[in-house]
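Here is how the chains run, residue by residue.
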Protein chains: 2
Amino acid sequence: VIIYGRNPVHEAFRGRRAVKHVWGTRNALREPWLAPHGAISTSAEPDELERLCGSPDHQGLCAEVAPFQYAAANELLALAQPFIVALDQVQDPQNLGAIARSAECAGASGLVLPERRSAEVTPAVCKASAGAVEHLPIAKVRNLADFLADAKRADLWCYGADQEGSETYTAIDYGRRLVLVLGSEGRGLRPRVAHACDALVLIPLRGRIESLSVSAAAAVLIFELARNRQGGLHDA
Amino acid sequence: VIIYGRNPVHEAFRGRRAVKHVWGTRNALREPWLAPHGAISTSAEPDELERLCGSPDHQGLCAEVAPFQYAAANELLALAQPFIVALDQVQDPQNLGAIARSAECAGASGLVLPERRSAEVTPAVCKASAGAVEHLPIAKVRNLADFLADAKRADLWCYGADQEGSETYTAIDYGRRLVLVLGSEGRGLRPRVAHACDALVLIPLRGRIESLSVSAAAAVLIFELARNRQGGLHDA
(Lines give C-alpha, C1' and ligand atoms only; values in the text may rest on other atoms or scores of the structure.)
Protein backbone atom coordinates (compact mmCIF):
# COMPACT_ATOMS: atom_id res chain seq x y z
CA VAL A 1 0.00 0.00 0.00
CA ILE A 2 1.33 3.46 -0.89
CA ILE A 3 0.33 6.18 1.55
CA TYR A 4 1.11 9.85 0.96
CA GLY A 5 1.40 13.19 2.72
CA ARG A 6 3.70 14.49 5.42
CA ASN A 7 1.63 13.63 8.50
CA PRO A 8 0.47 10.23 7.22
CA VAL A 9 4.06 9.11 6.56
CA HIS A 10 5.28 10.56 9.86
CA GLU A 11 2.51 8.86 11.86
CA ALA A 12 3.08 5.56 10.03
CA PHE A 13 6.63 5.56 11.44
CA ARG A 14 5.25 6.29 14.92
CA GLY A 15 2.44 3.72 14.58
CA ARG A 16 1.98 -0.03 14.30
CA ARG A 17 2.47 -0.92 10.67
CA ALA A 18 5.79 -1.57 8.95
CA VAL A 19 7.13 1.17 6.68
CA LYS A 20 8.97 -0.52 3.81
CA HIS A 21 10.12 2.40 1.69
CA VAL A 22 9.88 6.18 1.49
CA TRP A 23 10.01 8.36 -1.61
CA GLY A 24 10.32 12.09 -1.22
CA THR A 25 11.49 15.31 -2.78
CA ARG A 26 14.99 16.35 -1.69
CA ASN A 27 13.42 19.01 0.47
CA ALA A 28 10.88 16.70 2.14
CA LEU A 29 13.57 14.09 2.85
CA ARG A 30 15.36 16.66 5.05
CA GLU A 31 12.70 16.25 7.77
CA PRO A 32 14.64 15.35 10.95
CA TRP A 33 12.33 12.42 11.76
CA LEU A 34 13.35 10.83 8.44
CA ALA A 35 17.06 10.99 9.27
CA PRO A 36 17.22 7.46 10.77
CA HIS A 37 15.52 6.00 7.70
CA GLY A 38 17.97 7.00 4.97
CA ALA A 39 18.53 3.36 3.99
CA ILE A 40 14.92 2.97 2.88
CA SER A 41 14.50 6.48 1.42
CA THR A 42 14.75 7.45 -2.25
CA SER A 43 14.52 10.95 -3.62
CA ALA A 44 11.93 11.55 -6.32
CA GLU A 45 10.46 14.40 -8.34
CA PRO A 46 6.92 15.61 -7.56
CA ASP A 47 5.48 14.10 -10.77
CA GLU A 48 6.98 10.70 -9.90
CA LEU A 49 5.40 10.93 -6.44
CA GLU A 50 2.06 11.77 -7.99
CA ARG A 51 2.32 8.72 -10.27
CA LEU A 52 3.32 6.52 -7.32
CA CYS A 53 0.44 7.44 -5.04
CA GLY A 54 -2.12 8.55 -7.61
CA SER A 55 -2.83 11.88 -5.90
CA PRO A 56 -1.47 15.43 -6.23
CA ASP A 57 -1.80 15.83 -2.43
CA HIS A 58 1.42 14.04 -1.53
CA GLN A 59 3.17 17.13 -0.07
CA GLY A 60 6.48 15.70 -1.31
CA LEU A 61 6.29 12.34 0.53
CA CYS A 62 4.98 8.84 -0.18
CA ALA A 63 5.68 5.54 1.59
CA GLU A 64 5.06 1.88 0.96
CA VAL A 65 3.58 0.41 4.13
CA ALA A 66 2.05 -2.88 5.25
CA PRO A 67 -1.73 -3.16 4.73
CA PHE A 68 -3.85 -1.49 7.40
CA GLN A 69 -4.64 -3.94 10.22
CA TYR A 70 -8.19 -3.66 11.43
CA ALA A 71 -8.92 -4.23 15.11
CA ALA A 72 -11.40 -6.80 16.45
CA ALA A 73 -14.69 -5.24 17.53
CA ASN A 74 -14.86 -7.70 20.46
CA GLU A 75 -11.60 -6.38 21.84
CA LEU A 76 -12.98 -2.85 21.84
CA LEU A 77 -16.04 -4.08 23.77
CA ALA A 78 -13.77 -5.82 26.29
CA LEU A 79 -11.93 -2.63 27.30
CA ALA A 80 -12.38 -1.32 30.85
CA GLN A 81 -14.01 1.99 29.85
CA PRO A 82 -14.77 1.82 26.15
CA PHE A 83 -15.63 5.02 24.30
CA ILE A 84 -16.37 3.72 20.81
CA VAL A 85 -17.45 5.76 17.79
CA ALA A 86 -19.50 3.81 15.24
CA LEU A 87 -20.28 5.16 11.77
CA ASP A 88 -23.39 4.03 9.91
CA GLN A 89 -22.47 4.00 6.21
CA VAL A 90 -20.26 7.08 6.11
CA GLN A 91 -19.00 6.74 2.55
CA ASP A 92 -16.95 9.87 1.95
CA PRO A 93 -13.23 9.25 2.66
CA GLN A 94 -12.83 12.89 3.73
CA ASN A 95 -15.52 12.48 6.38
CA LEU A 96 -14.14 9.14 7.61
CA GLY A 97 -10.65 10.65 7.84
CA ALA A 98 -11.87 13.79 9.60
CA ILE A 99 -13.88 11.79 12.14
CA ALA A 100 -10.95 9.43 12.79
CA ARG A 101 -8.74 12.46 13.47
CA SER A 102 -11.22 13.99 15.92
CA ALA A 103 -11.78 10.63 17.66
CA GLU A 104 -8.05 10.02 18.04
CA CYS A 105 -7.44 13.54 19.34
CA ALA A 106 -10.23 13.19 21.91
CA GLY A 107 -8.86 9.89 23.19
CA ALA A 108 -11.68 7.65 21.93
CA SER A 109 -11.04 3.90 22.24
CA GLY A 110 -11.72 3.14 18.60
CA LEU A 111 -13.91 3.35 15.55
CA VAL A 112 -16.37 0.74 14.24
CA LEU A 113 -17.45 0.63 10.59
CA PRO A 114 -19.87 -1.71 8.81
CA GLU A 115 -18.30 -3.93 6.13
CA ARG A 116 -20.62 -2.70 3.40
CA ARG A 117 -21.46 0.77 2.13
CA SER A 118 -18.79 2.38 4.26
CA ALA A 119 -15.53 4.06 3.36
CA GLU A 120 -12.54 1.88 4.34
CA VAL A 121 -9.08 2.90 5.54
CA THR A 122 -7.57 3.78 2.17
CA PRO A 123 -4.55 6.04 1.63
CA ALA A 124 -7.01 8.93 0.99
CA VAL A 125 -8.50 8.31 4.45
CA CYS A 126 -5.01 8.19 6.00
CA LYS A 127 -4.34 11.57 4.41
CA ALA A 128 -7.67 13.07 5.50
CA SER A 129 -7.03 11.82 9.05
CA ALA A 130 -3.55 13.45 9.16
CA GLY A 131 -2.24 9.97 10.06
CA ALA A 132 -4.60 9.50 13.04
CA VAL A 133 -5.66 6.07 11.70
CA GLU A 134 -2.16 4.78 12.58
CA HIS A 135 -2.96 5.16 16.28
CA LEU A 136 -6.72 4.54 16.45
CA PRO A 137 -8.10 0.99 16.56
CA ILE A 138 -10.64 0.65 13.71
CA ALA A 139 -12.87 -2.43 13.42
CA LYS A 140 -15.19 -3.60 10.67
CA VAL A 141 -18.39 -5.45 11.59
CA ARG A 142 -20.76 -7.38 9.36
CA ASN A 143 -23.86 -5.62 10.66
CA LEU A 144 -23.92 -2.45 12.72
CA ALA A 145 -27.27 -3.09 14.45
CA ASP A 146 -26.01 -6.54 15.52
CA PHE A 147 -22.82 -4.93 16.83
CA LEU A 148 -24.90 -2.52 18.92
CA ALA A 149 -26.84 -5.49 20.33
CA ASP A 150 -23.48 -7.10 21.24
CA ALA A 151 -22.38 -3.80 22.80
CA LYS A 152 -25.51 -3.67 24.96
CA ARG A 153 -24.91 -7.27 26.09
CA ALA A 154 -21.38 -6.18 27.00
CA ASP A 155 -22.89 -3.47 29.19
CA LEU A 156 -22.30 -0.49 26.92
CA TRP A 157 -24.82 2.30 26.32
CA CYS A 158 -25.52 3.20 22.71
CA TYR A 159 -26.13 6.86 21.89
CA GLY A 160 -27.23 7.69 18.36
CA ALA A 161 -26.76 11.17 16.91
CA ASP A 162 -30.12 12.10 15.42
CA GLN A 163 -31.64 15.56 15.02
CA GLU A 164 -35.05 13.92 15.55
CA GLY A 165 -33.75 12.68 18.92
CA SER A 166 -35.38 13.41 22.25
CA GLU A 167 -32.36 14.44 24.32
CA THR A 168 -30.02 17.40 23.99
CA TYR A 169 -26.43 16.16 23.74
CA THR A 170 -25.30 18.20 26.73
CA ALA A 171 -28.02 16.89 29.10
CA ILE A 172 -26.58 13.39 29.40
CA ASP A 173 -24.00 11.95 31.76
CA TYR A 174 -21.60 10.01 29.56
CA GLY A 175 -19.47 8.61 32.38
CA ARG A 176 -20.10 5.00 31.39
CA ARG A 177 -19.08 2.36 28.86
CA LEU A 178 -20.51 3.63 25.59
CA VAL A 179 -20.84 3.70 21.83
CA LEU A 180 -21.63 6.92 19.96
CA VAL A 181 -23.29 6.18 16.60
CA LEU A 182 -23.21 8.68 13.74
CA GLY A 183 -25.10 8.34 10.47
CA SER A 184 -24.17 9.30 6.95
CA GLU A 185 -24.47 12.86 5.75
CA GLY A 186 -27.90 13.44 4.30
CA ARG A 187 -29.55 10.20 5.33
CA GLY A 188 -28.65 9.98 9.02
CA LEU A 189 -29.04 6.72 10.96
CA ARG A 190 -30.87 3.84 9.31
CA PRO A 191 -34.07 2.94 11.23
CA ARG A 192 -32.76 -0.42 12.46
CA VAL A 193 -29.57 1.24 13.74
CA ALA A 194 -31.50 4.09 15.41
CA HIS A 195 -33.78 1.49 16.97
CA ALA A 196 -30.80 -0.36 18.45
CA CYS A 197 -29.69 2.79 20.34
CA ASP A 198 -30.57 3.42 23.99
CA ALA A 199 -31.04 7.14 23.35
CA LEU A 200 -31.02 9.49 20.38
CA VAL A 201 -29.27 12.78 21.04
CA LEU A 202 -29.51 16.03 19.11
CA ILE A 203 -27.36 19.13 18.82
CA PRO A 204 -29.53 22.26 19.13
CA LEU A 205 -29.22 24.31 15.94
CA ARG A 206 -29.95 28.02 15.90
CA GLY A 207 -29.38 28.92 12.26
CA ARG A 208 -31.42 28.75 9.08
CA ILE A 209 -29.71 25.83 7.37
CA GLU A 210 -30.91 22.41 8.34
CA SER A 211 -27.89 20.43 9.35
CA LEU A 212 -24.31 20.34 10.46
CA SER A 213 -21.83 18.31 8.44
CA VAL A 214 -21.31 14.81 9.84
CA SER A 215 -17.66 15.62 10.60
CA ALA A 216 -18.61 18.80 12.51
CA ALA A 217 -21.36 16.96 14.43
CA ALA A 218 -18.85 14.22 15.21
CA ALA A 219 -16.30 16.75 16.53
CA VAL A 220 -18.89 18.47 18.73
CA LEU A 221 -20.27 15.21 20.17
CA ILE A 222 -16.93 13.41 20.58
CA PHE A 223 -15.38 16.33 22.47
CA GLU A 224 -18.46 16.83 24.65
CA LEU A 225 -18.34 13.12 25.55
CA ALA A 226 -14.60 13.34 26.26
CA ARG A 227 -15.09 16.44 28.43
CA ASN A 228 -18.02 14.96 30.28
CA ARG A 229 -16.20 11.68 30.95
CA GLN A 230 -13.42 13.69 32.60
CA GLY A 231 -15.49 16.31 34.34
CA GLY A 232 -19.08 15.18 34.76
CA LEU A 233 -22.33 16.74 33.72
CA HIS A 234 -22.45 20.50 33.28
CA ASP A 235 -25.14 22.64 34.80
CA ALA A 236 -26.95 23.72 31.63
CA VAL B 1 -21.36 34.41 -10.43
CA ILE B 2 -22.26 30.74 -11.03
CA ILE B 3 -22.84 28.74 -7.87
CA TYR B 4 -23.45 24.99 -7.88
CA GLY B 5 -24.80 22.16 -5.79
CA ARG B 6 -28.25 21.37 -4.42
CA ASN B 7 -27.99 23.08 -1.01
CA PRO B 8 -26.12 26.17 -2.29
CA VAL B 9 -28.79 26.85 -4.93
CA HIS B 10 -31.62 26.13 -2.49
CA GLU B 11 -30.16 28.44 0.18
CA ALA B 12 -29.49 31.18 -2.42
CA PHE B 13 -33.26 31.27 -3.06
CA ARG B 14 -33.90 31.46 0.71
CA GLY B 15 -31.16 34.06 1.23
CA ARG B 16 -30.36 37.66 0.36
CA ARG B 17 -28.88 37.65 -3.11
CA ALA B 18 -30.81 37.63 -6.36
CA VAL B 19 -30.96 34.36 -8.29
CA LYS B 20 -30.96 35.18 -12.00
CA HIS B 21 -31.06 31.79 -13.67
CA VAL B 22 -30.98 28.08 -12.80
CA TRP B 23 -29.66 25.22 -14.92
CA GLY B 24 -30.35 21.67 -13.85
CA THR B 25 -30.78 18.12 -14.99
CA ARG B 26 -34.40 17.14 -15.62
CA ASN B 27 -34.34 15.18 -12.41
CA ALA B 28 -32.87 17.97 -10.28
CA LEU B 29 -35.36 20.49 -11.69
CA ARG B 30 -38.19 18.39 -10.16
CA GLU B 31 -37.27 19.62 -6.65
CA PRO B 32 -40.49 21.11 -5.24
CA TRP B 33 -38.74 24.30 -4.07
CA LEU B 34 -37.82 24.99 -7.72
CA ALA B 35 -41.45 24.78 -8.90
CA PRO B 36 -42.13 28.56 -8.56
CA HIS B 37 -38.98 29.34 -10.60
CA GLY B 38 -39.77 27.57 -13.87
CA ALA B 39 -39.50 30.83 -15.83
CA ILE B 40 -35.79 31.18 -14.99
CA SER B 41 -34.93 27.47 -15.15
CA THR B 42 -33.34 25.63 -18.08
CA SER B 43 -32.65 21.92 -18.28
CA ALA B 44 -29.08 20.89 -19.03
CA GLU B 45 -26.98 17.76 -19.26
CA PRO B 46 -24.41 17.01 -16.51
CA ASP B 47 -21.45 17.82 -18.78
CA GLU B 48 -22.95 21.21 -19.65
CA LEU B 49 -23.40 21.91 -15.94
CA GLU B 50 -19.79 20.96 -15.29
CA ARG B 51 -18.65 23.36 -18.03
CA LEU B 52 -20.88 26.12 -16.65
CA CYS B 53 -19.64 25.95 -13.07
CA GLY B 54 -16.20 24.44 -13.60
CA SER B 55 -16.68 21.67 -11.04
CA PRO B 56 -17.89 18.07 -11.17
CA ASP B 57 -19.59 18.60 -7.77
CA HIS B 58 -22.71 20.33 -9.10
CA GLN B 59 -25.15 17.57 -8.06
CA GLY B 60 -27.26 18.43 -11.09
CA LEU B 61 -27.82 22.12 -10.29
CA CYS B 62 -26.11 25.45 -11.04
CA ALA B 63 -27.39 29.01 -10.73
CA GLU B 64 -26.31 32.46 -11.79
CA VAL B 65 -26.58 34.74 -8.76
CA ALA B 66 -25.62 38.30 -7.83
CA PRO B 67 -22.09 38.69 -6.39
CA PHE B 68 -21.76 37.86 -2.71
CA GLN B 69 -22.38 40.94 -0.55
CA TYR B 70 -19.97 41.21 2.33
CA ALA B 71 -21.18 42.67 5.61
CA ALA B 72 -19.58 45.65 7.38
CA ALA B 73 -17.42 44.62 10.33
CA ASN B 74 -18.61 47.70 12.25
CA GLU B 75 -22.20 46.53 12.04
CA LEU B 76 -21.25 43.20 13.58
CA LEU B 77 -19.54 45.05 16.44
CA ALA B 78 -22.65 47.17 16.96
CA LEU B 79 -24.96 44.19 17.60
CA ALA B 80 -26.47 43.80 21.07
CA GLN B 81 -24.79 40.46 21.87
CA PRO B 82 -22.23 39.81 19.16
CA PHE B 83 -20.74 36.33 18.82
CA ILE B 84 -18.25 36.81 16.01
CA VAL B 85 -15.91 34.20 14.55
CA ALA B 86 -12.71 35.63 13.04
CA LEU B 87 -10.35 33.56 10.89
CA ASP B 88 -6.66 34.43 10.69
CA GLN B 89 -5.55 33.50 7.15
CA VAL B 90 -7.59 30.36 6.66
CA GLN B 91 -6.82 29.75 2.99
CA ASP B 92 -8.49 26.44 2.20
CA PRO B 93 -12.00 26.97 0.71
CA GLN B 94 -13.12 23.66 2.25
CA ASN B 95 -12.14 24.88 5.72
CA LEU B 96 -13.74 28.30 5.26
CA GLY B 97 -16.95 26.65 4.01
CA ALA B 98 -17.02 24.10 6.83
CA ILE B 99 -16.46 26.79 9.49
CA ALA B 100 -19.14 29.03 7.96
CA ARG B 101 -21.57 26.10 8.10
CA SER B 102 -20.81 25.36 11.77
CA ALA B 103 -21.01 29.06 12.69
CA GLU B 104 -24.37 29.50 10.95
CA CYS B 105 -25.78 26.34 12.55
CA ALA B 106 -24.68 27.48 16.01
CA GLY B 107 -26.29 30.89 15.59
CA ALA B 108 -23.08 32.95 15.46
CA SER B 109 -23.54 36.62 14.51
CA GLY B 110 -21.05 36.57 11.67
CA LEU B 111 -17.62 35.76 10.32
CA VAL B 112 -14.67 38.15 9.89
CA LEU B 113 -11.87 37.48 7.39
CA PRO B 114 -8.74 39.49 6.61
CA GLU B 115 -8.56 40.90 3.07
CA ARG B 116 -5.26 39.25 2.29
CA ARG B 117 -4.13 35.61 2.47
CA SER B 118 -7.59 34.38 3.25
CA ALA B 119 -10.05 32.32 1.23
CA GLU B 120 -12.96 34.46 0.01
CA VAL B 121 -16.60 33.52 -0.53
CA THR B 122 -16.23 31.77 -3.89
CA PRO B 123 -18.69 29.24 -5.33
CA ALA B 124 -16.45 26.46 -3.92
CA VAL B 125 -16.89 27.98 -0.44
CA CYS B 126 -20.67 28.22 -0.98
CA LYS B 127 -20.66 24.51 -1.83
CA ALA B 128 -18.45 23.55 1.13
CA SER B 129 -20.73 25.56 3.44
CA ALA B 130 -23.87 23.78 2.12
CA GLY B 131 -25.24 27.26 1.38
CA ALA B 132 -24.71 28.59 4.94
CA VAL B 133 -22.90 31.66 3.55
CA GLU B 134 -26.27 32.90 2.19
CA HIS B 135 -27.49 33.45 5.76
CA LEU B 136 -24.32 34.34 7.67
CA PRO B 137 -22.97 37.91 7.62
CA ILE B 138 -19.32 37.73 6.49
CA ALA B 139 -17.07 40.80 6.66
CA LYS B 140 -13.58 41.46 5.30
CA VAL B 141 -11.19 43.66 7.26
CA ARG B 142 -7.90 45.18 6.19
CA ASN B 143 -6.01 43.99 9.26
CA LEU B 144 -7.23 41.40 11.73
CA ALA B 145 -5.21 42.65 14.73
CA ASP B 146 -6.60 46.16 14.15
CA PHE B 147 -10.12 44.69 13.99
CA LEU B 148 -9.56 43.00 17.35
CA ALA B 149 -8.44 46.32 18.80
CA ASP B 150 -11.67 47.88 17.47
CA ALA B 151 -13.63 44.98 18.97
CA LYS B 152 -12.06 45.57 22.38
CA ARG B 153 -12.91 49.29 22.17
CA ALA B 154 -16.49 48.19 21.36
CA ASP B 155 -16.49 46.18 24.59
CA LEU B 156 -16.03 42.73 23.11
CA TRP B 157 -13.75 40.06 24.55
CA CYS B 158 -11.36 38.38 22.15
CA TYR B 159 -10.65 34.68 22.64
CA GLY B 160 -7.94 33.11 20.49
CA ALA B 161 -7.83 29.36 19.87
CA ASP B 162 -4.26 28.34 20.59
CA GLN B 163 -2.96 24.99 21.86
CA GLU B 164 -0.23 26.94 23.66
CA GLY B 165 -2.96 28.85 25.49
CA SER B 166 -3.34 29.02 29.23
CA GLU B 167 -7.05 28.30 29.64
CA THR B 168 -9.08 25.20 28.87
CA TYR B 169 -11.94 26.11 26.52
CA THR B 170 -14.58 24.76 28.90
CA ALA B 171 -13.38 26.76 31.93
CA ILE B 172 -14.54 30.13 30.63
CA ASP B 173 -17.86 31.91 30.90
CA TYR B 174 -18.66 33.13 27.40
CA GLY B 175 -21.84 34.99 28.30
CA ARG B 176 -20.56 38.30 26.98
CA ARG B 177 -19.95 40.19 23.74
CA LEU B 178 -17.13 38.30 22.07
CA VAL B 179 -14.94 37.37 19.14
CA LEU B 180 -13.51 33.86 18.75
CA VAL B 181 -10.33 33.90 16.66
CA LEU B 182 -9.09 30.79 14.84
CA GLY B 183 -5.76 30.47 13.05
CA SER B 184 -4.83 28.65 9.89
CA GLU B 185 -4.18 24.94 9.89
CA GLY B 186 -0.53 24.27 10.58
CA ARG B 187 0.54 27.77 11.51
CA GLY B 188 -2.12 28.80 14.05
CA LEU B 189 -2.54 32.43 15.08
CA ARG B 190 0.06 34.96 13.98
CA PRO B 191 1.88 36.50 16.97
CA ARG B 192 0.34 39.95 16.53
CA VAL B 193 -3.15 38.44 16.36
CA ALA B 194 -2.54 36.19 19.39
CA HIS B 195 -1.22 39.23 21.23
CA ALA B 196 -4.41 41.17 20.50
CA CYS B 197 -6.53 38.49 22.23
CA ASP B 198 -7.69 38.80 25.85
CA ALA B 199 -7.21 35.08 26.43
CA LEU B 200 -5.85 32.09 24.53
CA VAL B 201 -7.89 28.94 24.96
CA LEU B 202 -6.92 25.35 24.26
CA ILE B 203 -8.83 22.13 23.64
CA PRO B 204 -7.32 19.32 25.74
CA LEU B 205 -6.09 16.55 23.43
CA ARG B 206 -5.70 12.98 24.65
CA GLY B 207 -4.38 11.23 21.55
CA ARG B 208 -0.99 10.76 19.93
CA ILE B 209 -1.38 13.09 16.97
CA GLU B 210 -0.63 16.70 17.56
CA SER B 211 -3.60 18.66 16.40
CA LEU B 212 -7.23 18.79 15.46
CA SER B 213 -8.17 20.12 12.04
CA VAL B 214 -9.12 23.81 12.10
CA SER B 215 -12.68 22.96 11.06
CA ALA B 216 -13.06 20.38 13.87
CA ALA B 217 -11.56 22.79 16.43
CA ALA B 218 -13.95 25.48 15.14
CA ALA B 219 -16.96 23.17 15.52
CA VAL B 220 -15.97 22.20 19.07
CA LEU B 221 -15.33 25.79 20.19
CA ILE B 222 -18.28 27.40 18.41
CA PHE B 223 -20.78 24.91 19.85
CA GLU B 224 -19.29 25.14 23.35
CA LEU B 225 -19.61 28.95 23.17
CA ALA B 226 -23.19 28.66 21.88
CA ARG B 227 -24.08 26.17 24.65
CA ASN B 228 -22.41 28.25 27.33
CA ARG B 229 -24.11 31.47 26.18
CA GLN B 230 -27.47 29.72 26.59
CA GLY B 231 -26.76 27.72 29.70
CA GLY B 232 -23.84 29.15 31.62
CA LEU B 233 -20.61 27.60 32.79
CA HIS B 234 -20.54 23.85 33.34
CA ASP B 235 -19.18 22.31 36.51
CA ALA B 236 -16.06 20.64 35.10
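These numbers were taken from a predicted model, which means no experiment stands behind them.

Chemist: I'd like a rundown of the nonpolar core, residues and numbers included.
Modeler: Core analysis: the biggest nonpolar cluster contains 114 residues, and Val85(A), Ile222(A), Val85(B) and Ile222(B) have the highest contact counts within it. Apart from the residues lying within four places of it in its own chain, the contact partners of Ile222(A) are Phe83(A), Val85(A), Ile99(A), Ser102(A), Ala103(A), Ala106(A) and Leu180(A).

Chemist: So what about the relation of the copies chain B and chain A? Which residues, and what values?
Modeler: Rotating chain B by 180° about the axis while translating it 0.0 Å along that axis superimposes it on chain A, leaving an RMSD of 0.0 Å. The superposition operator between the copies reduces to a two-fold rotation axis. Taken as a fraction of all interface residues of chain B, those also at the interface in chain A reach 100%, which identifies the copy contact as same-surface.

Chemist: Give a detailed account of the pairing of strand 5 (residues 83-88) of chain B, specifying residues and quantitative values.
Modeler: All names here are of chain B. Among the six residues in strand 5, six count as buried, and that is most of the element. Neither face of strand 5 is left uncovered, since the one carrying Phe 83, Val 85 and Leu 87 and the one carrying Ile 84, Ala 86 and Asp 88 both have all their residues buried. Strand direction decides the pairing type here: strand 5 and strand 6 (residues 110-114), joined by three bridges, are parallel. The residue of strand 6 that forms the bridge with Ile 84 is Gly 110. Assessed by its sense of winding, the connection that carries the chain from strand 5 through helix 4 (residues 93-106) to strand 6 is right-handed.

Chemist: Describe the packing of aromatic side chains, naming the residues involved and giving the relevant values.
Modeler: Under the defined criterion, the tally for this structure stands at eight aromatic pairs over all chains. Between Tyr159(B) and Tyr174(B), the aromatic rings sit 5.2 Å apart at their centres with planes inclined by 75°, giving edge-to-face as the arrangement. Pair noted here: Tyr159(B) is in strand 8 (residues 157-161) and Tyr174(B) is in the loop between strand 9 (167-168) and strand 10 (178-183), with a separation of 15 residues, a long-range link. Geometry around Trp157(A) places Arg176(A) over its ring, the cationic atom sitting 4.0 Å from the centre.

Chemist: Any chance you could break down the packing of helix 8 (residues 214-231) of chain A against helix 8 (residues 214-231) of chain B for me, citing the residues and the numbers?
Modeler: Axis separation between helix 8 of chain A and helix 8 of chain B bottoms out at 8 Å; the angle between their running directions is 60°. Judged by the angle between their axes, helix 8 of chain A and helix 8 of chain B are oblique. As helix 8 of chain A packs across helix 8 of chain B, the resulting crossing turns out to be right-handed. Only Ala216(B), Ala219(B), Val220(B) and Phe223(B) of helix 8 of chain B make contact with helix 8 of chain A, whose side of the interface consists of Ala216(A), Ala219(A), Val220(A) and Phe223(A). Looking at the contact of helix 8 of chain A with helix 8 of chain B residue by residue, the class counts come to eight nonpolar, no polar and no charged.

Chemist: Hey, could you go over helix 1 (residues 6-14) of chain B for me, with residue numbers and the actual values?
Modeler: Listed in full, the buried residues belonging to helix 1 of chain B are Pro8(B), Val9(B), His10(B), Glu11(B) and Ala12(B). For helix 1 of chain B, the elements touching its buried residues are strand 1 (2-4), strand 2 (19-24), strand 4 (61-65) and helix 5 (123-128) of chain B.

Chemist: Before we move on, could you go through the environment of Lys152(A) and cite the residues and values that matter?
Modeler: Residue and element names in this part refer to chain A. Inspection of the secondary structure assignment puts Lys 152 in helix 6 (residues 144-153). According to the relative accessible area criterion, Lys 152 is partly exposed, its value standing at 34%. It is 8.8 Å that separates the C-alpha atoms of Lys 152 and Asp 198, two residues lying 46 residues apart in sequence. Beyond its immediate stretch of four places on either side in the chain, Lys 152 contacts Cys 158, Ala 196, Cys 197 and Asp 198.

Chemist: Can you lay out the environment of Gln81(B) for me, pointing to particular residues and giving the numbers?
Modeler: Residue and element names in this part refer to chain B. For Gln 81, the position within the fold is in the loop between helix 3 (73-77) and strand 5. Distance from Gln 81 to Val 220, taken between C-alpha atoms, is 20 Å for residues 139 residues apart in sequence. Excluding its chain neighbours within four sequence positions, the residues that come into contact with Gln 81 are Ser 109, Arg 176, Arg 177 and Arg 229.

Chemist: Give me the sheet that holds strand 8 (residues 157-161) of chain A: which residues, what numbers.
Modeler: Residues and elements named next belong to chain A. On the basis of which strands lie adjacent, the open sheet formed by seven strands has the order 7-6-5-10-8-11-9 and parallel pairing. Each of the sheet's edge strands pairs with one partner strand only, and the pair in question is strand 7 (138-141) and strand 9 (167-168). Sheet topology note: the strand 8/strand 10 (residues 178-183) ladder contains four bridges and is parallel. Pairing of Cys 158 across the sheet is with Val 179, part of strand 10. Contacting strand 5 (83-88), strand 8, strand 10 and strand 11 (199-202), helix 8 runs over the sheet at an angle of about 165° to strand 10.

About the thresholds
- Residues numbered from 1 in each chain as written.
- Chains lettered and ligands numbered in written order.
- Predicted model: local features only at pLDDT ≥ 70, side-chain atom pairs only at ≥ 80, totals over all residues.
- Heavy atoms only, no water.
- Core = buried A, V, L, I, M, F, W, Y, C linked by side-chain atoms within 4.5 Å.
- Buried < 20%, exposed > 50% of the residue type's maximum accessible area, 1.4 Å probe, protein only.
- Contact = heavy atoms within 4.5 Å.
- Least-squares fit on C-alpha atoms with pLDDT ≥ 70 in both.
- Helix = DSSP H or I, 4+ residues; strand = E, 2+ residues; numbered from the N terminus.
- Pairing = 2+ DSSP bridges.
- Right-handed = clockwise from strand over helix to strand, strands pointing away.
- Phe/Tyr/Trp six-rings, centres within 6.5 Å; stacked < 30°, edge-to-face > 60°.
- Lys NZ or Arg CZ within 6 Å of the ring centre and 35° of its normal.
- Axes fitted to C-alpha atoms, helices over the stretch in contact; angles between N-to-C directions.
- Parallel < 35°, antiparallel > 145°, perpendicular 65-115°, else oblique.
- Left-handed = near helix turned anticlockwise from the far one by under 90°.
- Nonpolar A, V, L, I, M, F, W, Y, C, P; charged D, E, K, R; others polar.

As far as function goes, none of this settles anything; it's purely spatial.
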